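# Chain and residue survey
Chain by chain, the residues:
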Amino acid sequence: MLLEEQRFLHEDLERLEQGIADRIGDEPKHIRDRLARDHQIAQFLDRISSQSAKLLSIYRDADGSRSREIQQIGTGDPMEEFYKQIADIKSFHARYPNEPVENLERAYRPKKGPDAESQPSIVDTMFTGEEAFGRFFDLHTCHELYLNLPNVKRLSYLQYLDSFDNFAPGAGGLKKSEKMTDQYFKYVGQLSLDLETFMRKTRPLENVDKVIADFDKEFEAAWEMDEIADWKSDEPHGKPDGTAKRASTDEAIWCDDCEREFKNENVYKGHLSGKKHVRAAAERARRLQGSSEEEADKSDSAGKGGSSTNRLKERAIAEREFRVKRLASAMSTERSDTRVNVERKQGMTERERQQELENLFNATATTLQQRDAEDGEDNDDEDKIYNPLKLPLAWDGKPIPFWLYKLHGLGVEFPCEVCGNFVYMGRRAFDKHFNEARHIYGLKCLGITNTSLFRDITGIDEALRLWEKIQKDKRKDKVDDGSVVQMEDAEGNVMPEKVYYDLQKQGLL
């Protein structure tokens, strides 16, 4: 029956390809439906890969069973072989009378109508309410783990979203010695795992394993070259005293013991007698001595190739920090959207938050009802939104609350003549447009190159007058030595023409 299995695999591959084509041709409006479609396509691709592997093994015919079956059909009586296979099929169904028959055409066809409602979606249980089907991060658990770390800055959730991938000591992170704890290792590992899981859930059609492997390969190269910031090899015999390490300016001095930067030498010398510096210097000396003794013991027993346990732990922590940075940079859009969403929710009441959450979960059901209504009858009035005040629409397609409209001043018009009399609604949009391409292009059309000086200037005449004044001041300040007339008196003294005539009128020449 290998030939029948081979035919079934070919049919399955063609049905899978057709199912993927049907889903790619349909572009859902809601993010939930779009994610469900992408996850279904990813499952189909995995099944194509597994079925192709089975088909290749049949074509390779390692045990020769396929060749024997073809030979039996070609050399013997074909009708005898046919009836033999029918007898095998009947005996199988006699033993298993309730065995269901798989309909491949129906299995891979996109579900619509009542079939789609009865079948639960893949993404319904995949995301939390805070993530909103993959639109925002949900790092509250990591934020709590961060706050429980000793000697960290107390950051709010909004501040944590801006700096969770910044592990420098001055940006809310810990010192190198304070990171060598199991609690910090658990925190940074959980943060890396959450970001990686979020990427797998929101990007099912991307090869996330390859992305992570590239990150690890990049980290391996940087670690071998000792180029990982804050995790460079700290050996006692390779550096003189390290006070100029990682200084941001020429006058600044870096203290390796305290892992801090001081503005000048006087401040640096003043802190040397402090208790914190003395304690930090003693801890660093003890750590270096312990690592050197451990390396010496390992070199005696296992040769020069052995690495210390402390360095291996540093490598594990540095690898997770590096992965967090790369994942955060790869998902910068979701990160910025999360920050905006948190700021927006801070200005909402609890009732409004609950209402928004209900609208989010009911959006799909409403979309399906509207789709059924459109299929039944062409009634465009049901799709219209009641918006008599002409309020802007939110992300869910509904008008924003009127109090939010008044709070942001969206009813105030700010026209800009430089932008072609374009009208900006609200002060925030008006302030942002000075750095946008439309306003900068309008200034360049007027011959203005230095656009940073023309903020809050919207009139063409006003901008041209200011630009003319700037150019005139530049020409006035610019002195041309060749245009200055020099005069010489009888004694051979050289002076400008104006000074010469002034002295001549006073009778001093």
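Further up the page is the structure itself.
All figures in this text were calculated on a predicted structure; none of them were measured in a lab.

Counting its secondary structure elements, the protein chain contains 20 helices and six strands. Counting all 509 residues of the protein chain, 30% fall into the buried class. Within the protein chain, contacts between residues at least 6 apart in sequence are counted, and of these 54% link residues at least 24 apart.

Let us now look at the layout of surface pockets. The calculated volume of the second largest pocket comes to roughly 1200 Å³. Lining the second largest pocket we find 30 residues, and of these R344, A394, I400, P401 and L404 sit closest to its centre. Broken down by secondary-structure element, the contributors of at least two residues to the lining of the second largest pocket are α14 (332-346), α15 (350-376), α16 (402-407) and α17 (427-432). At five residues, the largest contribution of residues to the lining of the second largest pocket is made by α14. Along the lines of polarity and charge, the residues of the lining of the second largest pocket split into 15 nonpolar, five polar and ten charged.

Before going further, it helps to examine the environment of G442. Residue position: G442 is located in helix α18 (residues 437-445). Sequence-wise, G442 and G420 are 22 residues apart; in three dimensions their C-alpha atoms are separated by 7.7 Å.

Time to look at the packing of aromatic side chains. Taken as a whole and judged by the stated rule, the model has 15 aromatic pairs. With 5.7 Å between their ring centres and 75° between their planes, Y500 and Y501 make a pair best called edge-to-face. Its relative accessible area of 15% is what places Y500 among the buried residues. Taken together, the ring pairs connect Y146, Y160, F164, Y184 and Y187 into an aromatic cluster. Between the NZ or CZ atom of R438 and the centre of the ring of F422, over which it lies, the distance is 4.0 Å.

Mapped onto the secondary structure, N341 falls in helix α14. When its relative accessible area of 3% is taken as the criterion, N341 is described as buried. Setting aside residues up to four positions removed in sequence, N341 forms contacts with E130 and F136.

This brings us to the side chain of D489. If you trace the backbone, D489 turns up in the loop between β5 (486-488) and β6 (494-496). Comment: no salt bridge for buried D489; closest opposite-charge side chain is K498, at 17 Å. A polar atom in the side chain of D489 sits 3.0 Å from the backbone nitrogen of G492. When sequence neighbours within four positions are dropped, the list of residues in contact with D489 reads M495, Y500 and L509.

Only one face of strand β3 (residues 413-416) is buried: it carries F414 and C416, and the other face, with E413 and P415, is open. Note that β3 and strand β4 (residues 422-425) share four bridges and pair antiparallel. Counted as the bridge partner of P415 is V423 from β4.

The next subject is unusual backbone geometry. Even without being glycine, N151 reaches a positive phi, approximately 65°. Mapped onto the elements, N151 comes out in the loop between α7 (140-147) and α8 (157-163).

What follows deals with the pattern of salt bridges. Pairs can form between side chains of opposite charge once their charged atoms are near each other. For the structure on display, the rule yields 30 salt bridges. A salt bridge links E206 to R203; the nearest nitrogen and oxygen atoms lie 4.0 Å apart.

The next thing to look at is helix α1 (residues 2-25). Between its first and last C-alpha atoms α1 spans 35 Å; for 24 residues at 1.5 Å apiece the expected length is 34 Å, and the two agree. Each element contacted by the buried residues of α1 is listed here: α2 (31-60), α3 (65-75) and α5 (104-107).

A word on the nonpolar core. If you look at the biggest cluster of nonpolar residues, it comprises 38 residues, and the most contacted ones within it are L139, F164, Y187, L191 and L195. Among the elements of the structure, α7, α8, α9 (182-202), α10 (208-224) and α13 (309-330) are those that each provide at least two residues to this core. Not counting chain neighbours up to four residues away, the residues in contact with L191 comprise L139, C142, Y160, F164 and V324.

This paragraph deals with a positive patch on the surface. A grouping of R260, K275, K276 and R279 is seen on the molecular surface, where their side chains present a positively charged patch. When you line up the elements, K276 lands in helix α12 (residues 275-302). Note on K276: relative accessible area 65%, which makes it exposed.

The next thing to look at is the environment of D12. Note on placement: D12 falls in helix α1. Linking D12 and Y108, residues 96 residues apart in sequence, is a C-alpha distance of 9.5 Å. If we skip the residues at most four places from it in the chain, D12 touches R47, Q51, L104 and Y108.

Scoring rules and cut-offs
- Residues numbered from 1 in each chain as written.
- Predicted model: local features only at pLDDT ≥ 70, side-chain atom pairs only at ≥ 80, totals over all residues.
- Heavy atoms only, no water.
- Helix = DSSP H or I, 4+ residues; strand = E, 2+ residues; numbered from the N terminus.
- Buried < 20%, exposed > 50% of the residue type's maximum accessible area, 1.4 Å probe, protein only.
- Contact = heavy atoms within 4.5 Å.
- 1 Å grid on protein atoms, 1.4 Å probe; cavity = no way out; pocket = protein on both sides within 12 Å on 5 of 7 lines; lining within 4 Å.
- Points joined across faces, edges and corners; volume = space filled by probe spheres on them.
- Nonpolar A, V, L, I, M, F, W, Y, C, P; charged D, E, K, R; others polar.
- Phe/Tyr/Trp six-rings, centres within 6.5 Å; stacked < 30°, edge-to-face > 60°.
- Lys NZ or Arg CZ within 6 Å of the ring centre and 35° of its normal.
- Lys, Arg positive; Asp, Glu negative; His and termini not counted.
- Salt bridge = Lys/Arg side-chain N within 4 Å of Asp/Glu carboxyl O.
- Polar contact = N/O pair within 3.5 Å; in protein donor to acceptor, adjacent residues only side chain to side chain.
- Pairing = 2+ DSSP bridges.
- Expected span 1.5 Å × (residues − 1).
- Core = buried A, V, L, I, M, F, W, Y, C linked by side-chain atoms within 4.5 Å.
- Patch = residues over 30% accessible without salt bridge, like charges linked within 9 Å, V, L, I, M, F, W, Y side chains within 5 Å.
- Areas by Shrake-Rupley, 256 points an atom, 1.4 Å probe, with all protein chains shown as cover.
- Charge placed at Lys NZ, Arg CZ, Asp CG, Glu CD.

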